[in-house]
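Next come the chains, spelled out residue by residue.
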Amino acid sequence: MTTFWQRYYRARPWALRALVVAVLALLVLWPFIIDFYSYNARYYVGDVVGFAMITAILTISLNLCMGYGGLLSLMHTGLQLAGGYAVAAMAVRLGLSPWWGLVVAIVVGAVLAAATLLVSLRATYLYFALITLAANLLIMEVGRSSEWLGSDIGISNIPLPSVFGRDLSRASLADVSIFYWIVLGTLVLVWILQRNLVRSGVGRAAMAVRESPETAAALGIAPVRTKALLFAIAGGVAGLAGALYAMQKGFINPAVGALDNGLIFFVGLLIGGIATLEGPILGVAAVAAIDFVIRDYGPYRVLILGAVLLLTLLLVPRGIVGSWRGSRWGRPVLDDSGEAVRSSAVPDVVPRLEAAPGTVALAGIGLRKYFGGVKAVDGVDLEVLAGTVHGIIGPNGSGKSTTVSCLTGFLRLDGGRVEVFSRPAPTSAQAISRAGVTRVFQVPHLFEQVSVLDNVLTGMRSRERASWVESVLRLPRHRSEDRTHREEALELLAFAGLASRAQWPADALSHGQKRLLEVVRAVATRPRVLILDEPATGLTQDELAGLRALVTALRERGLAVVLIEHNVEFVMGLCERITVLDSGRVIAEGTPAEVRDDPAVLEAYLGAEPEGAS
Ligand code: ADP
Ligand code: MG
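Residues numbered from 1 in each chain as written. Chains lettered and ligands numbered in written order. Predicted model: local features only at pLDDT ≥ 70, side-chain atom pairs only at ≥ 80, totals over all residues. Heavy atoms only, no water.

**Description of the packing of aromatic side chains**
One pass over the full model with this rule turns up 7 aromatic pairs. Ring centres of Phe-51 and Tyr-245 lie 5.5 Å apart, and the angle between their planes is 50°; on these two criteria the pair is classed as tilted. On the criterion of sequence distance, the pair formed by Phe-51 in helix 3 (residues 41–68) and Tyr-245 in helix 10 (residues 223–249) is long-range, its members being 194 residues apart. Since its relative accessible area comes to 22%, Phe-51 is described here as partly exposed. Grouped by ring-pair contacts, the aromatic residues Tyr-43, Tyr-44 and Phe-292 constitute a single cluster. Note that Arg-439 overlies the ring of Phe-410, its terminal NZ or CZ placed 5.1 Å from the centroid. When the ring centre of Phe-447 is taken as reference, the NZ or CZ atom of Arg-521 above it lies at 4.7 Å. (Phe/Tyr/Trp six-rings, centres within 6.5 Å; stacked < 30°, edge-to-face > 60°. Helix = DSSP H or I, 4+ residues; strand = E, 2+ residues; numbered from the N terminus. Buried < 20%, exposed > 50% of the residue type's maximum accessible area, 1.4 Å probe, protein only. Lys NZ or Arg CZ within 6 Å of the ring centre and 35° of its normal.)

Have a look at this one:
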């Protein structure tokens, strides 16, 4: 079912663009328009619209860390203050060009943000917010106690920058307009930075870490590095906004860092729609308009903004953009026309691994893991050969998943060791993934709000070579890498019969398709060893066939596949060797035929659970 608007925009994709261009043109021409209507044009250009645009830059920064990275920052007013100090110190104290101030402000903002993140490494969501709050107070306190920064009074007479040798003066509309255009240009650049970043590997990695640090690590993404990078970039943008703020106002003082000055960013972001590209702009436009209307009711400003926020959260809980996208009119059309046919060609994405027959790809030696009194894994030995499928079976609670977590660095071992291709395995989960051992969890770990294609691309993150700067600037290396990775991802999806749904959000898939997608995403990391924890649960016959084809293809390419499965028929048909666990111990090991006839296995597992043989 498509609505009128969906058909309208699909037929006229330029309609939205035309609107954006019109608004941009209006903003560019604003000084001329308002000069025609008002004697007070300087105020409307700089203090009203220009100031709102600076607020929008800061809100984009907040959107980057809080929306896309899940890092609730209460230090954005502090970063703004620091950026303001940077430009004030450079221009007023040192007599250098305010342009240098802008550069220093970006650096100061980035460094402060990165430092704050690094001292709060293990902090959870709210705890992290508290640490940023402390950092905010600290920045204000430093300003207050520093005479060089003007103590409580701060620094005034901050000049506007000079442009082509012309010193801009606040008294002239032309000069104020030039600064206004500089701010507008910066806003456009920062918005593009946000868009390019979010659509690049850095953005996908940040969203992965936000959704589940565990899944991110399983895909070889380093959670700390990702968060630090994102927060530093957001900090740099906030510092830049602070510098523009100080130039716009002409002064900076510690009170600028007060938390209630940040209300407007949060209200703007939540009204516009958090974790959307357009949200910060629309939201700040709305809040700035409200702020303008209530400008004569100063003492009630916070009260009114608070009420607006409350009302927004009640009426449009996901903001203007988020609620629009979730509504009947704005919901993206899920194109179901393409049939879910599986392409039969084995994707070249899976490289052929040349390993001598009998090479041990993954070995667990004497693995032990106790949870209090529960001996979940109690001396398990396991050798997985390259180019084979190795089954692990056993009753529920026999320690299969725990064994996998021990092999992949998700649990600290109580004993034993792990080797990858005869080398000691690294200790962190993400390093093991990078060493070529990728696991798929027993419980679904998809990024549900992200598209099917982006889920697969996230799996390729650890293979990306282009740096974040190259991605943001869309330099050739990023572009060619991005193109190849998208082609590869589509090829993999086609092999799993999911290509026609590449643009769907992952949570719109059926259960079985989600399981397949998770396997595809893991394959996208280019593992040498792939561990699948009960991937066949809840799959239809057709999906089972797809999974079987994928696993067979991987084996043919020389990978080692570890398959944990309850579906005995499925396991027996696929595996070269099977290890049987019971109560955390290996009770049998051998070919499917050997295992099937083993009396201990019959007693512990097959005999006890005949329904598993469905
Ligand atoms: P399987 O995957 O074979 O069904 P698991 O490896 O999940 O079994 O669990 C093995 C045993 O360890 C079970 O008794 C389970 O209750 C226990 N266990 C697993 N994870 C934890 C944990 N994080 N904390 C405490 N006990 C656990
Ligand atoms: Mg399990």
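Resuming the write-up.
**Quick word on the site of ligand 1**
Around ligand 1, the surrounding shell consists of Phe-371, Val-374, Ala-376, Pro-395, Asn-396, Gly-397, Ser-398, Gly-399, Lys-400, Ser-401 and Thr-402. With respect to ligand 1, the side chain of Thr-402 contributes an N or O atom lying 2.4 Å from an oxygen atom. Here ligand 1 loses 59% of its free accessible area of 560 Å² to cover by the protein chains. Among the elements of the structure, strand 4 (374–385) and helix 15 (400–407) are those that each provide at least two residues to the shell around ligand 1. When residues of the shell around ligand 1 are assigned to their parent elements, the largest contribution, 3 residues, is made by helix 15. Of the residues assigned to the shell around ligand 1, the class counts are 4 nonpolar, 6 polar and 1 charged. (Near = heavy atom within 4 Å. Polar contact = N/O pair within 3.5 Å; in protein donor to acceptor, adjacent residues only side chain to side chain. Areas by Shrake-Rupley, 256 points an atom, 1.4 Å probe, with all protein chains shown as cover. Nonpolar A, V, L, I, M, F, W, Y, C, P; charged D, E, K, R; others polar.)

**A short note on the sheet that holds strand 3 (residues 360–371)**
As summarised here, the arrangement of the 4 strands in space is 4-3-6-7, forming an open sheet in which the pairing is antiparallel. With one partner strand each, in any of the chains shown, strand 4 and strand 7 (423–424) form the two edges of the open sheet. Taken together, the 5 bridges between strand 3 and strand 6 (residues 415–420) define a ladder with antiparallel strand orientation. If you follow Ala-363 over to strand 6, its bridge partner there is Glu-419. Contacting strand 3, strand 4 and strand 6, helix 15 crosses the sheet at an angle of about 115° to strand 3. (Pairing = 2+ DSSP bridges. Contact = heavy atoms within 4.5 Å. Axes fitted to C-alpha atoms, helices over the stretch in contact; angles between N-to-C directions.)

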